[in-house]
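Examination of the molecular architecture
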Amino acid sequence: MSQHALLSAGAKAWRSIPCFRAELRLDLTLGCGQTFRWRETGKDHWTGVMGGRVWTLTQTEDTLWYHVYSSQGGPGLVNGQKRKAGLGPQCSGKRLKGMKDVKEEDDELGLDTVSSVQVEKEEKLLRDYFQLSVKLVDLYKEWSSADQHFNHTGSIFTGVRMLRQDPVECLFSFICSSNNHISRIQGMVERLCNTLGTPLCTLDDTHYHDFPSIQALADSKVEACLRDLGFGYRARFLQQSANLIMSSHGPDWLHSLRSVPYLQAREALRTLPGVGLKVADCVSLMSLEKSEAVPVDTHVWQIAKRDYSCAAGSGQKTLTDKVYNEIGDFFRKLWGPYAGWAHSVLFCADLKKFQNLKEVAIKEEKIVEVVADPEDVSESSRCH
DNA sequence: TGTCAACCTGT
DNA sequence: CAGGTTGAC
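Below or above, wherever it landed, is the structure these notes cover. Not measured: the values here are computed from a predicted model. (Residues numbered from 1 in each chain as written. Chains lettered and ligands numbered in written order. Predicted model: local features only at pLDDT ≥ 70, side-chain atom pairs only at ≥ 80, totals over all residues. Heavy atoms only, no water.)

Applying the stated criterion across every chain, the model contains 15 aromatic pairs. Measuring from centroid to centroid gives 5.3 Å for W143 and F150, while their planes differ by 70°, and the two rings are edge-to-face. A single burial state applies to W143 and to F150, both of which are buried. Ring plane angle 65° and centroid distance 6.5 Å describe the contact between F150 and W335, whose orientation is recorded as edge-to-face. One end of the pair, F150, is in helix α4 (residues 148–156); the other, W335, is in helix α14 (residues 321–335), with 185 residues separating them in the sequence. Three or more aromatic residues joined by ring pairs form one cluster here, namely Y140, W143, F150, Y308, F330, F331 and W335. Over the face of the ring belonging to Y233 we find R234, whose NZ or CZ atom lies 4.5 Å from the ring centre. The ring of W301 carries K305 above its face, with NZ or CZ at 4.0 Å from the centroid. (Phe/Tyr/Trp six-rings, centres within 6.5 Å; stacked < 30°, edge-to-face > 60°. Buried < 20%, exposed > 50% of the residue type's maximum accessible area, 1.4 Å probe, protein only. Helix = DSSP H or I, 4+ residues; strand = E, 2+ residues; numbered from the N terminus. Lys NZ or Arg CZ within 6 Å of the ring centre and 35° of its normal.)

Before going further, it helps to spend a moment on the protein's contact with DNA strand B. DNA strand B sits among 13 residues. The nearest are R184, R227, G232, Y233 and R234. Atoms of DNA strand B within 4 Å of the protein: sugar and phosphate make up 60%, bases the balance. Here a base oxygen of DNA strand B and a side-chain polar atom of R184 are 2.9 Å apart. Take R227: an N or O atom from its side chain is 2.5 Å from a phosphate oxygen of DNA strand B. Looking at the surface near DNA strand B residue by residue, the classes come out as one nonpolar, six polar and six charged. (Near = heavy atom within 4 Å. Polar contact = N/O pair within 3.5 Å; in protein donor to acceptor, adjacent residues only side chain to side chain. Nonpolar A, V, L, I, M, F, W, Y, C, P; charged D, E, K, R; others polar.)

Right, dumping it as C-alpha cells:
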C-alpha cells in the first residue's frame, strides 16, 4: 500500500523550488476556501490533485518542496485521453468499486526515472498554479502603504496568494458554495470527484480522483445522482450549467474566457444557472486571471462596513447588485488592479479556523511591549 | 430598485 | 443560519 509522502521520512523523491514563506504560506493559501481539494496529510504537508496529478507539498523557510505521485496509467495518461468515469451503479451514493486493480507504485526508493523534460513540466505546472511570478511581498507593501488596516492584518497573515485554478473545477466547486460553508463544500467536492472523476491513485486508503469533465457533469442522470449525494438544489444547477456549456459553447469555452476582459467574462459566467455575481467573481478571480475581481459575500460586506466604514448599502438588508458593485469598486479604488488578491488576505484573516494566528500575534506584541519602551507600543506594533 | 421566500442539508 | 441564486412582487 502506497503512503502519503513525508519530507522527513526521506522515502520518496522530493523536488524543490526556491520560495520564501512570505511569498507563499501553504496553510493559509490552501485552507482559505479558494480551493476545496487539499488536505493536510501530515504536519504541514498538503496533498491534493492539480493538473491531473496527485501532489504532496510542504515548505521550509525558503523552499517549497513537492512530490508528484505516479498515476496508475503513468504520466502519459493525463489530460485528453482519460477513461470515462461511469455514471452507472456507483451513482447511488455508494463507494466507487472496481479499484482493486490499482497498481502499487514502486517509487518508494525513488526508482521511477523521470526525464528532465518531465521534471521541468511539473515544476512549471506548480509555478503556474501558485502564480509564483507575481511578487506577493511587493503587493503587500503597496496595499499596506495605501491602507492602514491592511498593513496591520497583512503583517500577520503573510503569504496568502491567489491560485490559478482550472476554470472547470473552480466553477463547479463554487456553484456548490451557495448558502453553504467551507467544510461541507469540501465534502461535496470530494464526493463529486470520487463519483464522477477519473481515478488517479490511492494513498493510505484514500482514493484520489481527477475533477470530473464538463461532459461527465452534463449527463442527464447527474442531477439525481448528486441529489443522492446530498447536494440539494445545487445538483440541478451543476448539471444544467454543464449542459448549457456543452450545448451552446463547447468544452473549451470556460478556458477561453481567460483572454476576455473582466466584466465581459463575469457577464458570460452569469448566464449559467446557479451563477450570480459572487460565484462569477470567484471564478473570474481564482481561475480566469482577473485579479481585480472582488467576490463580495456577507462576510466581506461586514468587513467593508466594520473595518472601512464603507457607506455602500449600510442601511440595507439585502446585498443588491448595485451595492455589490459599489463595494467591489470601493476596494478596487483602495487596492488597485490586484484588489481581489488583497481581499483574500482579509477574508482569510476573518476565518474562524485562523483566529489563533491573531492571538499569537497579540502575545508577541506584548513581549515587544515589555522588552521595548512601554510608551511606544502603538508605533512599534504598526511598523513591522 | 429593493425586499422576500424558497431552495437542500447538516450542525 | 451557513461565503448564494432565482423568481416574484
